[in-house]
Every structure is written in structure tokens, then in C-alpha cells.
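# Descriptive structure summary
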Amino acid sequence: QVQLVESGGGLVQAGGSLRLSCAASGRTFGTMGWFRQAPGREREFVVCITWSGLTYYAASVKDRFTVSRDNAKNTMSLQMNSLKPEDTAVYYCAAARGAGYLWSPNEYNVWGQGTQVTVSS
């Protein structure tokens, strides 16, 4: 069974840090990514990372968030620093069979269940 399982969300004060993890099982994937969705808003691209480790960040998180992946363990992590209240959302791990920079949710084939990140002011 192909699935993604996220962990690491929680409540943090503005300026703090959190680390999210995503464990994939069932198969290996090409590009993986993180998306987030705040109440009343559409799902938003955060970052993607290719099989070879190339990354592309949304402007809103660039220089604050860092994505990494371990292909041998089939895992991906997102280190989030200098968090802001506007980063509050449910964060989703996603994986694609395709390659390259993938920004649209429609390009991803498998999704995790989501993990809540809340940043208080």
C-alpha cells in the first residue's frame, strides 16, 4: 500500500522553529513536496525537492524553510525557522511519480493526511 505519513506539527510562538517529517512507503517517488492549506484558502505550494536533491521554494518561505530528503530511507523533512503567524496551516506531504520542479497539487499522485502547524503571535 502506497502511503505518506507526516509528523512533527504543533504549536509554536512566532519566531520559533518546527521540523516536519514525511515517511513514504510502498514505492519510491520522483519529486516530493510540501503544501499547506489555511482555513478558507486554497492549498498552497511551499517547496518541492527532486530525486537528486534540487529544491524550489515559494517566495513566502524562502530563506526560512529548508527541505531535505533521504532516498535510502524514503523520507523527507521540512525544517521551519523564523515562523510567522501567517505560516499557520495544515501542512501536507506529497509525492509524484514525475520528475522536475512541480508546483501544482495536480501533479502529485500521493498525499499524506496533513499535520497542523499553529504559530501564535
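Please refer to the structure higher up on the page.
Now for a description of the structure that goes with this document. None of the values given here were measured: they were computed from a predicted structure.

A word on the overall build of the protein. Broken down by element type, the protein carries 0 helices and 11 strands. For the protein, the N- to C-terminal ordering of α and β elements is β-β-β-β-β-β-β-β-β-β-β. For the protein, the C-alpha radius of gyration of 13 Å lies close to 14 Å, the compact-globule estimate for 121 residues. Once the C-alpha set of the protein is aligned to its principal axes, its extents read approximately 40 × 30 × 25 Å. With 121 residues in all, the protein has 43% of them scored as buried. For the protein, the share of sequence-separated contacts (at least 6 apart) that also reach a separation of at least 24 residues comes to 58%.

Time to look at the pattern of salt bridges. With the rule as written, the count across this model stands at 3 salt bridges. The salt bridge involving Glu 44 is made with Arg 36; its shortest N-O contact spans 2.9 Å. Asp 87 is the salt-bridge partner of Arg 36, the closest N and O atoms lying 2.9 Å from each other. With Arg 36 in strand S4 (residues 32–37) and Asp 87 in the loop between strand S8 (75–80) and strand S9 (89–95), this pair connects stretches of sequence that are 51 residues apart. For Arg 36, a relative accessible area of 5% puts it in the buried group. Here Asp 87 falls in the buried class, since its relative accessible area comes to 1%. It is possible to trace a salt-bridge network through shared partners that takes in Arg 36, Glu 44, Arg 64 and Asp 87.

This part covers the nonpolar core. Nonpolar side chains in soluble globular proteins tend to be buried together. Within the largest apolar cluster, 36 residues are counted, with the highest numbers of intra-cluster contacts made by Leu 4, Met 32, Trp 34, Phe 65, Leu 78, Met 80 and Tyr 91. Listed by contribution, the elements that provide at least two residues to this core are strand S3 (18–25), S4, strand S5 (44–49), strand S7 (65–70), S8, S9 and strand S11 (115–120).

Let's shift gears to the packing of aromatic side chains. All chains considered together, the criterion is met by 8 aromatic pairs. With 5.6 Å between their ring centres and 45 degrees between their planes, Tyr 56 and Tyr 101 make a pair best called tilted. Placement of the pair is Tyr 56 in strand S6 (residues 55–57) and Tyr 101 in the loop between S9 and strand S10 (110–111), with a sequence separation of 45 residues. According to the relative accessible area criterion, Tyr 101 is partly exposed, its value standing at 36%. Members of the aromatic cluster, each reached through a chain of ring pairs, are Phe 35, Phe 45, Tyr 56, Tyr 92, Tyr 101, Trp 103, Tyr 108 and Trp 111. Cation over ring: Arg 43 sits above Trp 111, and NZ or CZ is 4.7 Å from the ring centre.

Glancing now at the sheet that holds S7. Strands sit in the order S1-S3-S8-S7 across an open sheet of 4 strands; the sheet is antiparallel. With one partner strand each, in any of the chains shown, strand S1 (3–7) and S7 form the two edges of the open sheet. Taken over all neighbouring pairs, the strand axes of this sheet differ in orientation by 15 degrees on average, direction set aside. Pairing geometry for S7 and S8, over 6 bridges, is antiparallel. Following the sheet pairing, Val 67 is matched in S8 by Leu 78.

We now examine the side chain of Asn 74. Positionally, Asn 74 belongs in the loop between S7 and S8. Residues in contact with Asn 74, not counting those within four places in the same chain, are Cys 22, Ala 23, Ala 24, Ser 25, Arg 27 and Thr 28.

The rules we used
- Within each chain, residues carry numbers counting from 1 in the order of the written sequence.
- In view of the model being predicted, local features appear only for residues whose pLDDT reaches at least 70, and side-chain atom pairs are presented and counted only at 80 or more, with totals across whole chains, interfaces and linings using the full set of residues.
- Side-chain metrics rest on all non-hydrogen atoms present in the structure, leaving aside hydrogens and water.
- What counts as a helix is a DSSP run of H or I of at least four residues, what counts as a strand is a run of E of at least two, and both are numbered from the N terminus.
- For the radius of gyration, the atom set is restricted to C-alpha positions; the globular benchmark scales as 2.2 Å times the number of residues to the power 0.38.
- Type-normalised accessible area, obtained with a 1.4 Å probe on protein chains alone, sets the label of each residue: buried when under 20%, exposed when over 50%, and partly exposed for intermediate values.
- Only heavy atoms matter for contacts: two residues are in contact if any of them lie within 4.5 Å across the pair.
- What makes a salt bridge here is a side-chain nitrogen of Lys or Arg within 4 Å of a carboxyl oxygen of Asp or Glu, nothing more.
- Among the buried residues, those of types Ala, Val, Leu, Ile, Met, Phe, Trp, Tyr and Cys that are joined through side-chain atoms within 4.5 Å form a nonpolar core.
- Aromatic rings from Phe, Tyr and Trp, taking only the six-membered ring of Trp, are treated as a pair when their centres fall within 6.5 Å; an angle between ring planes under 30 degrees marks them as stacked, one over 60 as edge-to-face, and anything in between as tilted.
- Charge over a ring is defined by NZ of Lys or CZ of Arg lying within 6 Å of the ring centre and within 35 degrees of the ring normal.
- Only strands joined by at least two bridges in the DSSP assignment are considered to pair.
- Helix axes are fitted to C-alpha atoms over the stretch in contact, other axes to C-alpha atoms as well, and angles between N-to-C directions run from 0 to 180 degrees.

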